[in-house]
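Single-letter residue listing:
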Amino acid sequence: MNFVFFDTECANCLGGEGKICSFGYVKTDMQFNVIKKKDILINPDAKFLLGNVKTGKGISLAYPLFKFRDSKKFPFYYAEIKKILEDKNNIIFGFSVDQDIRYLIYTCKRYALKELSYNAFDIQLFDKCICQEKNTHGLDFLIKKYNLKSLTYHRSDDDAYMSMEIFKRLCEELNLNPSDAVKEYSKCFIDNKKVAKDFEERKKKIIEKQLIEKMFDEFLTPMTINDITNYDEFFVNKKIVFERKLFNENKDEMMLLKEKIYKKGGMIVKKFEDADYIIVKYNSRYELKENQKFILYKNFVKRF
């Protein structure tokens, strides 16, 4: 048996969909003697967005961007990567490997390639199990902890090599040989089929959320009703706001309710502070301003 430690880098991960620009791996025997170390540069067929949206800081990849753009696209390397990951003589490892698995799942779907079939041992999860801590440690933290000589960050084969070194130190700390470690901590294996299923469910939830947001925007868009014969004194010139969870739970019903509100002379607003009537499911901690009023949703709909 051999060990294969792998890592990926992405040009961007918009929507959680990693556009892979490198796949690096280190293949060793069971004594960690390196058999092969390789970094495969891949044209991501996407723009590079390496900055962090929250902090404004970004990462620096190990190569100039033109090196990636001048490389072949993922399908060209698919057979080579498939052979590495699916070889039954290889035990696959990665650090926070569920992310890399998701990126590979997306990339295969993106190019209509058959999904890869493999399980991978997550070294980050292994460390968490050993330390019995709530939070996980990052790769850079563990490199410093074990006084390892850092290689080039965000170079996939170097990150894979550092993952190998950390796994080695963890095994030494436990006084376990590596083959026994993967057996004893088998719960650290990540099933790529389960990750694929979770990936699809997550995508479905994202699409559902986008649909709800689109409907909510439509719900907030004012209507023009010229017929005043149905105006109701309770509604005329009154601004009405709904707790957001009410819309999420009753979106189809509330889309129909919108027209009824405008026909009676009312209008729907987004902010609590702008409203005359605040429609809630049960109660609210919002402190009412003068002339504002809470109305239970079940009582509000009885007015139509």
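Below or above, wherever it landed, is the structure these notes cover. Since we're looking at a predicted model, the values are computed, not measured. (Residues numbered from 1 in each chain as written. Predicted model: local features only at pLDDT ≥ 70, side-chain atom pairs only at ≥ 80, totals over all residues. Heavy atoms only, no water.)

## Section: the overall build of the protein chain
Assigned secondary structure in the protein chain consists of 11 helices and 10 strands. Computed over C-alpha atoms, the radius of gyration of the protein chain comes to 27 Å, more than 25% over the 19 Å expected from 2.2 N^0.38 for 304 residues, which places it beyond the range of a compact globule. By its C-alpha atoms, the protein chain is 85 × 45 × 35 Å across when sized along the principal axes. Considering the protein chain as a whole, with its 304 residues, one finds that 43% of them fall into the buried category. Carbon and sulfur atoms make up 49% of the accessible area of the protein chain, which amounts to about 17400 Å² in all. Averaging the locations of the 56 positively and 46 negatively charged side chains of the protein chain gives two centres separated by 2 Å. (Helix = DSSP H or I, 4+ residues; strand = E, 2+ residues; numbered from the N terminus. Rg over C-alpha atoms; globule rule 2.2 N^0.38 Å. Buried < 20%, exposed > 50% of the residue type's maximum accessible area, 1.4 Å probe, protein only. Areas by Shrake-Rupley, 256 points an atom, 1.4 Å probe, with all protein chains shown as cover. Lys, Arg positive; Asp, Glu negative; His and termini not counted. Charge placed at Lys NZ, Arg CZ, Asp CG, Glu CD.)

## Remarks on the sheet that holds strand 8 (residues 267-268)
The parallel open sheet is built from four strands, whose spatial order is 8-7-9-10. A strand with exactly one partner marks an edge of an open sheet, and here the two such strands are strand 8 and strand 10 (293-296). (Pairing = 2+ DSSP bridges.)

## Brief notes about the packing of helix 2 (residues 74-86) against helix 3 (residues 97-110)
In contact at an axis separation of 11 Å, helix 2 and helix 3 are set at 135 degrees when each is read in the N-to-C sense. It follows from the interaxial angle that helix 2 and helix 3 lie oblique. The two elements helix 2 and helix 3 meet at a crossing, and its hand is left-handed. Packed against helix 2, whose contacting residues are Phe74, Tyr78 and Leu85, the element helix 3 presents Leu104, Thr107 and Cys108 at the interface. For the contact of helix 2 with helix 3, the class distribution of residues is five nonpolar, one polar and no charged. (Axes fitted to C-alpha atoms, helices over the stretch in contact; angles between N-to-C directions. Parallel < 35°, antiparallel > 145°, perpendicular 65-115°, else oblique. Left-handed = near helix turned anticlockwise from the far one by under 90°. Contact = heavy atoms within 4.5 Å. Nonpolar A, V, L, I, M, F, W, Y, C, P; charged D, E, K, R; others polar.)

## As for helix 3
With 14 residues, helix 3 should cover 20 Å at 1.5 Å per step; its first-to-last C-alpha distance of 20 Å lies within 8% of that length. Along helix 3, the residues classified as buried are Val97, Asp100, Ile101, Tyr103, Leu104, Ile105, Tyr106, Thr107 and Cys108. Taken from the residues just after helix 3, Ala112 is the one with a positive phi, measuring 55 degrees. (Expected span 1.5 Å × (residues − 1).)

## Some remarks on the pairing of strand 4 (residues 90-94)
Counting buried positions along strand 4 gives five out of five residues, so the element sits mostly inside the fold. Across three bridges, the pairing between strand 4 and strand 5 (residues 119-122) is parallel. Each residue of the ladder has a partner; that of Phe93, found in strand 5, is Phe121. Taken together, strand 4, helix 3 and strand 5 form a β-α-β motif whose crossover is right-handed. (Right-handed = clockwise from strand over helix to strand, strands pointing away.)

## As for the environment of Glu17
Residue position: Glu17 is located in the loop between strand 1 (2-10) and strand 2 (20-28). The exposure class assigned to Glu17 is buried, which follows from its relative accessible area of 15%. Apart from the residues within four sequence positions on either side, Glu17 is in contact with Asn12, Tyr106 and Lys203. Polar side-chain contacts of Glu17 include one of 2.3 Å to the side chain of Lys203. (Polar contact = N/O pair within 3.5 Å; in protein donor to acceptor, adjacent residues only side chain to side chain.)

## Here's the deal with the side chain of Asp158
Tracing the sequence through the fold places Asp158 in helix 6 (residues 156-174). When its relative accessible area of 6% is taken as the criterion, Asp158 is described as buried. A polar contact of 2.6 Å, which involves the side chain of Asp158, links it to the side chain of Lys37. With residues near it in sequence (within four places) discarded, Asp158 still touches Lys37, Leu151 and Thr152.

## So, the side chain of Asp29
For Asp29, the position within the fold is in the loop between strand 2 and strand 3 (34-41). For the buried Asp29, which has no salt bridge, the nearest side chain bearing the opposite charge is Lys168, at an N-O separation of 9.2 Å. Looking at Asp29, its side chain comes within polar contact range of the main-chain nitrogen of Gln31, at 2.8 Å. A distance of 2.9 Å separates a polar side-chain atom of Asp29 from the backbone nitrogen of Asn33. Beyond its immediate sequence surroundings of up to four residues, Asp29 is in contact with Asn2, Phe3 and Ile35. (Salt bridge = Lys/Arg side-chain N within 4 Å of Asp/Glu carboxyl O.)

## With respect to the packing of helix 8 (residues 192-220) against helix 10 (residues 251-263)
At a minimum axis distance of 10 Å, the contact between helix 8 and helix 10 shows a crossing angle of 15 degrees. Taken together, the axes of helix 8 and helix 10 are roughly parallel relative to one another. Here helix 8 and helix 10 pass one another in a crossing that is left-handed. On helix 10, the residues touching Ile212, Met215, Glu218 and Phe219 of helix 8 are Lys251, Asp252, Met254, Met255 and Lys258.

Nothing here speaks to function; it is geometry throughout.
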